[in-house]
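# Residue-level structure breakdown
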Amino acid sequence: MTHVLVERRGAAQLIRMNRPDKKNALTRPMYAAMSEALLAGDADPAVRCHVFLGVPGAFCAGNDLADFLAVAQGHEGGLEVWSFLEALAGARKPMVSGVDGIAVGIGTTLNLHCDLTFATPRTEFRTPFVDLGLVPEAGSSLLAPLLIGRQQAFALLGLGEGIPAERAMAMGMIYQVVDEANLEAAVFSAAERIATKPAGALRATRDLMRAPREELFQRIREEGAVFAERLKSEEARAAFLAFMARKKG
Ligand code: COA
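Computed from a predicted structure; not experimentally measured. (Residues numbered from 1 in each chain as written. Predicted model: local features only at pLDDT ≥ 70, side-chain atom pairs only at ≥ 80, totals over all residues. Heavy atoms only, no water.)

### A closer look at the side chain of Asn111
One can find Asn111 in the loop between α4 (106-109) and β7 (116-119). Residue classification places Asn111 among the buried positions, given a relative accessible area of 4%. At 2.8 Å, the side chain of Asn111 and the backbone oxygen of Gly107 are in polar contact. Contact partners of Asn111, with chain neighbours within four places excluded, come to Phe59, Ser97, Val99, Thr117 and Phe125. (Helix = DSSP H or I, 4+ residues; strand = E, 2+ residues; numbered from the N terminus. Buried < 20%, exposed > 50% of the residue type's maximum accessible area, 1.4 Å probe, protein only. Polar contact = N/O pair within 3.5 Å; in protein donor to acceptor, adjacent residues only side chain to side chain. Contact = heavy atoms within 4.5 Å.)

Rendered as structure tokens:
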């Protein structure tokens, strides 16, 4: 089964995470497929924006914890995640996301890179990095304080507090809350609006608005170095094993 579906919808390139039985937990091949799609869409003049969607009730449950456990146990981690984060942070075209339900870890931090995020009322954004013995990734230690202020960012990234969609909107973390039934229509309507704008002016506007590129890439690298160390910590190994054991019980 293909766990990432990529298709064109008018001028939008849709990247849909599609691993419903695992709540869209991301595996290495899924990251690779999403990087490839971002780079291909950026290179295709007919594509005016990228759209991220999940499946009903699950945008994304974060990195696959079995993959994390493998690294914690000494296996090679691969570079797919880091290539994806670079493609995401470096994407040249507007990105719109539609989030319904579970949005954990990268399922939350991915949206911090998006230009417009729509979420349903049942969505909760959560980044349990610290509880997993880990640290924030995807530049979120830089982007979250910029977007929602340092204290709210600490509640999200430090305490792992779940943030419901309405609160996320009030904080400025997302653009709009829309009902499940209207989510995809809202997302594609935004994508169509983007496509009607002069491409050069919109690109220049977006470039001016985004956090300084170099600082963001530098932060992703810094986070990555600490993250890689933390993955091998006893705290992380114990947390991954606890998750696996929970499933067996
Ligand atoms: N990695 C691997 N498998 C995952 C996963 C993840 N991040 N998240 C969910 N799954 C799997 C579960 O193991 C389960 O698989 P199984 O049916 O083969 O046992 C399946 O997806 C459904 O998950 P389940 O926990 O039964 O669904 P739920 O609706 O009760 O809870 C979550 C959903 C996302 C709240 C819960 O699964 C969870 O906390 N997952 C871990 C999230 C996480 O810590 N991600 C990493 C962030 S860095």
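### Here we look at the sheet that holds strand β8 (residues 124-126)
Taken together, the four strands give an open sheet; going across it, the order is β4-β6-β8-β9, and neighbouring strands pair in mixed fashion. Sheet topology places β4 (58-60) and β9 (163-164) at the edges, where each strand pairs with a single neighbour. Sheet topology places β4 next to strand β6 (residues 102-104); two bridges connect them, and they run parallel. Across the sheet, Cys60 pairs through a bridge with Ala103, a residue of β6. (Pairing = 2+ DSSP bridges.)

### Some remarks on the nonpolar core
One finds Phe52, Phe84, Ile106, Phe125, Leu134 and Phe240 to be the most contacted residues of the largest nonpolar core, which totals 61 residues. Looking at this core element by element, the count peaks at six residues for helix α3 (residues 80-89). Aside from chain neighbours lying at most four places away, what touches Leu134 is Phe68, Phe129, Phe227, Arg230, Leu231, Ala236 and Phe240. The next biggest cluster of nonpolar side chains, apart from the first, holds 15 residues, and it includes Val178, Leu183, Ala186 and Val187. (Core = buried A, V, L, I, M, F, W, Y, C linked by side-chain atoms within 4.5 Å.)

### So, the sheet that holds strand β10 (residues 176-177)
By definition, the strands of a sheet pair up through backbone hydrogen bonds, in either a parallel or an antiparallel sense. Ordered in space as β1-β2-β3-β5-β7-β10, the six strands form an open sheet in which the pairing is mixed. Each having just a single partner strand, β1 (4-9) and β10 make up the two edges of the open sheet. As judged from the two bridges shared by β7 and β10, these two strands associate in the parallel manner. Paired with Ala119 across the strands is Val177, a residue of β10. Seen against the sheet, helix α8 (residues 183-196) touches β1, β2 (12-17), β3 (49-53), β5 (95-99) and β7 and runs at an angle of roughly 170° to β3. (Axes fitted to C-alpha atoms, helices over the stretch in contact; angles between N-to-C directions.)

### Quick word on the site of the ligand
Inspection of the region around the ligand gives 18 residues, with Lys22, Ala61, Asn63, Leu65 and Arg246 positioned closest. The separation between a nitrogen atom of the ligand and a polar main-chain atom of Asn63 is 3.0 Å. Taking Arg246, its side chain carries an N or O atom lying 2.8 Å from an oxygen atom of the ligand. For the ligand, the protein covers 72% of the area, taking 860 Å² as the surface of the free molecule. Mapping the ligand onto the cavity grids shows that it belongs to the largest pocket. Within the residue set of the shell around the ligand, elements represented by two or more residues are β6 and α11 (234-248). The leading source of residues in the shell around the ligand is α11, at three residues. In terms of residue class, the shell around the ligand is made up of nine nonpolar, two polar and seven charged. (Near = heavy atom within 4 Å. Areas by Shrake-Rupley, 256 points an atom, 1.4 Å probe, with all protein chains shown as cover. 1 Å grid on protein atoms, 1.4 Å probe; cavity = no way out; pocket = protein on both sides within 12 Å on 5 of 7 lines; lining within 4 Å. Sits in = over half its atoms within 2 Å of the grid points. Nonpolar A, V, L, I, M, F, W, Y, C, P; charged D, E, K, R; others polar.)

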